[in-house]
Each structure stands twice: as structure tokens, then as C-alpha cells.
Amino acid sequence: RFTLVLSFSVSVSCVSRSLCVLSLRMAAMMAPSMAAAPMGAAEDNMEAEEEEELLAHAQQQPMPLTRIEGIDGLKSKDIRILMDAGYHTVESVARATLKDLQLVNGISEQKADKLKAAAASLVPTGFTSAFALAETQAAMLKVHTGCKALDEILGGGIEQGSITEVYGEYRTGKSQLCHTLAVTCQLSPDKGGGEGKCLYIDTEGTFRPGRLAPIAERFKMNVQDVLENIAYARAHNTEHQTDLLAHAAAMMADSRFSLVIVDSVTNLYRSEYNGRGELSARQVHLGRFLRQLTRIAEEFQVAVLVTNQVQAVVDGGMAYGPTFKPIGGHILAHATTTRLQLQKGRGDTRKAKLICNPGLPERDALFGITEAGVDDANDK
């Protein structure tokens, strides 16, 4: 009996030792792959975190310029100098050229390099994946126009982060659309708004606060609150029109805006610059204004709507093509992401045609102009 027990114990001990050796060998074989797996996973996690950071940055409000104070010796005095020159966010410095920064009084070449480096350390300006960009664009809000058919051809409404141009002849509903959007942009996102204020630059003197009351009541909004959330300015000349954008950037750095309206963008240029001799100067100035407007749209992620006047087409193709074309030429055409043409219809009905949008086909829609603003067309 003792011999049997001893033999059994020795056998178990040998088996245990064999299993132990086998386990050690398997662990040794798996060690390289186990060591490589965390490294690959860490790299994937880092890439995912970078993608999330880029997406979060695209969706959040711009960073105040004070964030770069203290980086590489930058002082509050430098911040004040930049703010006086129209730079109010870190994004505005990151997207500015060194030449532009050096033109600011009190900013040396060395200081401009430090400012650019400090802004670049906080704002991602490199490449990102198309997937992350798609998520960013999908998260962008679109402002309801007041008409379902018009929203449909626009892919949901006036999109944030870009310029939408609306042009047409007199009495086609351009200013009526502006008044309606000035109200709907204040709605919550679940109701088709941007939940922000409206900044309204008027160059023609067509803005009427009283027109907003029935529109606000239609959407069950407090009229006084709606009026207080609209920052209005009357532009008197092209220089004043451009200066107003600098004031707009300062206001947007302190408060949430969802829409910028310029009605109309070419009116003052058309009257101040005359003849072909001043055409080049007009286009250069208009191009700078539009570039500044684009920066505001991208920097603060606001929807920008500009109305435009038209001129008659007097060449030989008039009988077979359109009888009018928008003012501004290629400068304005390339600066806008979406172009919408308005035409007169029967009674209070108007026709809108989507002329250009990189993600949408050309199509038409009918809308109506009522006492409560732009609304669905009356089929009767």
C-alpha cells in the first residue's frame, strides 16, 4: 500500500512539473505578441484620441485669446495689442499669416513667430481623416428657413460654417427670408434653430424690427427677447461695412451667435465703384471682405447669409438663357458655398432654385411670403 501511494505521488508530481514547464514555454512564446499588442493598442488609442480631439475642437466654441498668455513669454500686453487689431480668438491667430501679424503695431517679427507657435500648439491645423470630417459636418446645425420645401432643397436649412448667397430681382423675397431667419436662428436645435443670436448688417435700409413680431409669434417666441437677440448695424460705405466685421468678431468672442446676415453684400460696392476703370479695385476690396466673412463663419461656426443684387444680361444669348445674373462676378461665386436664386411667382408665391452646392443637386422649390414671414407655398 505504501509503494502504491508513493508511486501515485511521484506520478502526480511529474505531471505537475510537466504542466508547469509547458506553461512557461507557452508564456515565453506568447510574450513577444503580448508585448506588441499593448503597443499597437496604445497607438490606436492615441489616434482615436487625436480624432476625438479634432472633432471636439470643431464642435466647440473658439478659444479666447487669453489662452496663449504665458506661453513662451507672451504677456497680457501682447494680447491687448492683438485684440485692438481685431484678433479675439486663438483660432484667428493660428489662421493668420506671419505677414498679417507683423503688420500689427507693436508686434515684431520675433513676437509674431511666438504667437503663431503658441496658437498652433492649441489649435489643430494639420490633417484629419475623412471620417472625422464627416462626423464634424454631420454635427453642424442648419437654420430652418420657415418653409419645408425650401429646407429640403438646402439639405435641412442654412448650414453653419459657410456662406450662403441668395440673389434675385426686386421683390423676390430676399429681405423677407432674412427677417425670418433672424428669428428662426434663435430657436433650439430640436426646433430647427441654432440657439444663438443674429448679427444683421443692413446696407440698403430694408430692416424693419416691426416685421419680426408676427414671425416671433408664429414660432411662439417672446417678441422682446427676439429683438434683443438681434445685433443690428447700418453700413454706410464699403469701408464701414468691412469695419463692422471686426466689431462682429469681438461680439462673437463674448456671446453665442448662430447667424450673420448681410443684406445686401454688393449694394455699396455697386454705387461706390463706377466703370471698368474701378472694376479691379472693387473686386479686390470685395474679395477681402468675403474672405473676412468666411473666416468668421469657420472660426465661430455660424451660418452666414448674404443677399445679392442682379444685373441684366444684354449679350446675344439673352433670348436663350437667363435675363439677369448676380453682381460680384467670380469673386463672389467662389466665396460662397451655396447659391440660391429667387424668382417671382403668382401672388405671394416665390420660386427658389438651388444653383450651386458641393453636396446637393440642382433643384427647385416653391415658398410663400406671409405676414408671419417665409412659409410653405399655398397651392390654391
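What counts as what
Residues numbered from 1 in each chain as written. Predicted model: local features only at pLDDT ≥ 70, side-chain atom pairs only at ≥ 80, totals over all residues. Heavy atoms only, no water. Helix = DSSP H or I, 4+ residues; strand = E, 2+ residues; numbered from the N terminus. Buried < 20%, exposed > 50% of the residue type's maximum accessible area, 1.4 Å probe, protein only. Contact = heavy atoms within 4.5 Å. Areas by Shrake-Rupley, 256 points an atom, 1.4 Å probe, with all protein chains shown as cover. 1 Å grid on protein atoms, 1.4 Å probe; cavity = no way out; pocket = protein on both sides within 12 Å on 5 of 7 lines; lining within 4 Å. Points joined across faces, edges and corners; volume = space filled by probe spheres on them. Nonpolar A, V, L, I, M, F, W, Y, C, P; charged D, E, K, R; others polar. Pairing = 2+ DSSP bridges. Core = buried A, V, L, I, M, F, W, Y, C linked by side-chain atoms within 4.5 Å. Axes fitted to C-alpha atoms, helices over the stretch in contact; angles between N-to-C directions. Expected span 1.5 Å × (residues − 1). Arc of directions from axis to C-beta. Phe/Tyr/Trp six-rings, centres within 6.5 Å; stacked < 30°, edge-to-face > 60°. pLDDT = per-residue confidence, 0-100.

### Some thoughts on the overall build of the protein
Then step 1. On a plain count of helices and strands, the protein comes out with 14 helices and 13 strands.
Then step 2. Within the span of the protein, comprising 380 residues, buried residues form 41% of the whole.
Then step 3. The long-range fraction of contacts in the protein, counting pairs at least 24 apart against all pairs at least 6 apart in sequence, stands at 68%.
Then step 4. Entry remark: accessible area of the protein is about 20,800 Å², with carbon and sulfur atoms responsible for 55%.

### What about empty space enclosed by the protein?
Then step 1. Summed over the entire model, instances satisfying the criterion amount to one cavity of 30 Å³ or more.
Then step 2. In this structure, the largest cavity spans a volume of roughly 40 Å³.
Then step 3. Every residue lining the largest cavity is listed: Leu 154, Gly 157, Ile 158, Glu 159, Thr 164, Thr 338 and Asn 357.
Then step 4. Broken down by class, the residue content of the lining of the largest cavity amounts to two nonpolar, four polar and one charged.

### Some thoughts on the environment of Glu 69
Then step 1. Here Glu 69 is to be found in the loop between α1 (2–59) and α2 (76–84).
Then step 2. You can call Glu 69 partly exposed: its relative accessible area is 39%.
Then step 3. Expressed as a C-alpha distance, the spacing of Glu 69 and Ile 79, which sit ten residues apart in the sequence, is 7.1 Å.
Then step 4. Discounting residues that sit within four places of it in the chain, Glu 69 has contacts with Leu 74, Lys 75, Ser 76 and Ile 79.

### A short note on the pairing of strand β10 (residues 338–344)
Then step 1. Counting buried positions over the seven residues of β10 gives five, a clear majority of the element.
Then step 2. As defined by bridge partners, strand β3 (residues 163–168) adjoins β10 across five bridges and the pair is classed as parallel. Bridge pairing in β10 places Val 166 opposite Leu 340.
Then step 3. Here β10 pairs with strand β11 (residues 349–356) via six bridges, running antiparallel. Bridge pairing in β11 places Leu 342 opposite Ala 352.
Then step 4. The hairpin formed by β10 and β11 contains four residues between the paired strands, and Gly 347 there has a positive phi angle of roughly 60 degrees.

### Some thoughts on the nonpolar core
Then step 1. Of all hydrophobic cores here, the largest spans 36 residues; its most connected members are Leu 150 and Leu 340.
Then step 2. Element by element, the count of residues in this core is highest for helix α8 (residues 174–184), at five residues.
Then step 3. Every residue in contact with Leu 150, bar those within four places of it in the chain, is listed here: Thr 145, Leu 177, Leu 340, Ala 352, Ala 365 and Phe 367.

### Examining the sheet that holds strand β4 (residues 197–202)
Then step 1. One open sheet accounts for nine strands, arranged β5-β4-β6-β7-β3-β10-β11-β12-β13; its pairing is mixed. Unpaired on one side and paired on the other, β5 (230–234) and β13 (373–376) mark the two borders of the sheet. The mean angle between the axes of side-by-side strands here comes to 25 degrees, regardless of whether they run parallel or antiparallel.
Then step 2. Alignment of strand β6 (residues 257–263) against strand β7 (residues 303–308), held across four bridges, turns out to be parallel. Within the sheet, the bridge partner assigned to Ile 261 lies in β7 and is Leu 305.
Then step 3. Sheet strands touched by α8: β3, β4, β5, β6, β7, β10, β12 (364–370) and β13. Its angle to β6, the strand with the most contacts, is close to 160 degrees.
Then step 4. In this fold helix α11 (residues 238–254) packs onto β4, β5 and β6, with an angle of close to 170 degrees to the strand it touches most, β4.

### What about helix α5 (residues 109–122)?
Then step 1. With 14 residues, α5 should cover 20 Å at 1.5 Å per step; its first-to-last C-alpha distance of 21 Å lies within 8% of that length.
Then step 2. When we look at burial in α5, the residues that qualify are Lys 111, Ala 112, Leu 115, Ala 118 and Ala 119. Take α5 and look down its axis: the buried residues cluster within an arc of 130 degrees, on one side only. Residues Glu 109, Gln 110 and Ser 121 are exposed on α5 and point more than 90 degrees away from its buried face.
Then step 3. Buried positions along α5 lie against α2, α3 (90–94) and α4 (98–102).

### Digging into helix α13 (residues 279–300)
Then step 1. Between the first and last C-alpha of α13 there are 32 Å, a value that for 22 residues agrees with the 32 Å anticipated at 1.5 Å per step.
Then step 2. Looking one or two residues past α13, Gln 301 carries a phi angle of roughly 50 degrees, positive in sign.

### A short note on the pairing of β6
Then step 1. For β6, the tally of buried residues reaches seven of seven residues, placing the bulk of the element in the interior.
Then step 2. The pairing of β4 with β6 spans six bridges and is classified as parallel. Residue pairing for β6: Tyr 200 is matched across the bridge by Ile 261.

### Concerning the packing of aromatic side chains
Then step 1. The full count for this structure, using the stated rule, is four aromatic pairs.
Then step 2. Seen in terms of ring centroids, Tyr 200 and Phe 207 are 4.6 Å apart; in terms of plane orientation they differ by 50 degrees. Their pairing is tilted.
Then step 3. For Tyr 200, a relative accessible area of 0% corresponds to the buried category.
Then step 4. A centroid spacing of 6.3 Å and a plane angle of 40 degrees characterise the contact between Tyr 200 and Tyr 232, whose relative ring orientation is tilted. Taken together, the residues Tyr 200 in strand β4 and Tyr 232 in strand β5 connect sequence positions 32 residues apart.
Then step 5. An aromatic cluster is built from Tyr 200, Phe 207 and Tyr 232, whose rings are joined through pairwise contacts.

### A look at the confidence of the model for the protein
In low-pLDDT regions, the fine details of the predicted coordinates are not to be read closely.
Then step 1. Looking at the protein as a whole, the pLDDT averages 85, with 82% of positions reaching at least 70.
Then step 2. With pLDDT under 50 throughout, residues 1–39 is counted as low confidence; its partners more than four residues away or in other chains account for zero contacts.
Then step 3. Counting interchain partners and residues more than four positions distant, the pLDDT-below-50 stretch residues 50–59 has 17 contacts.

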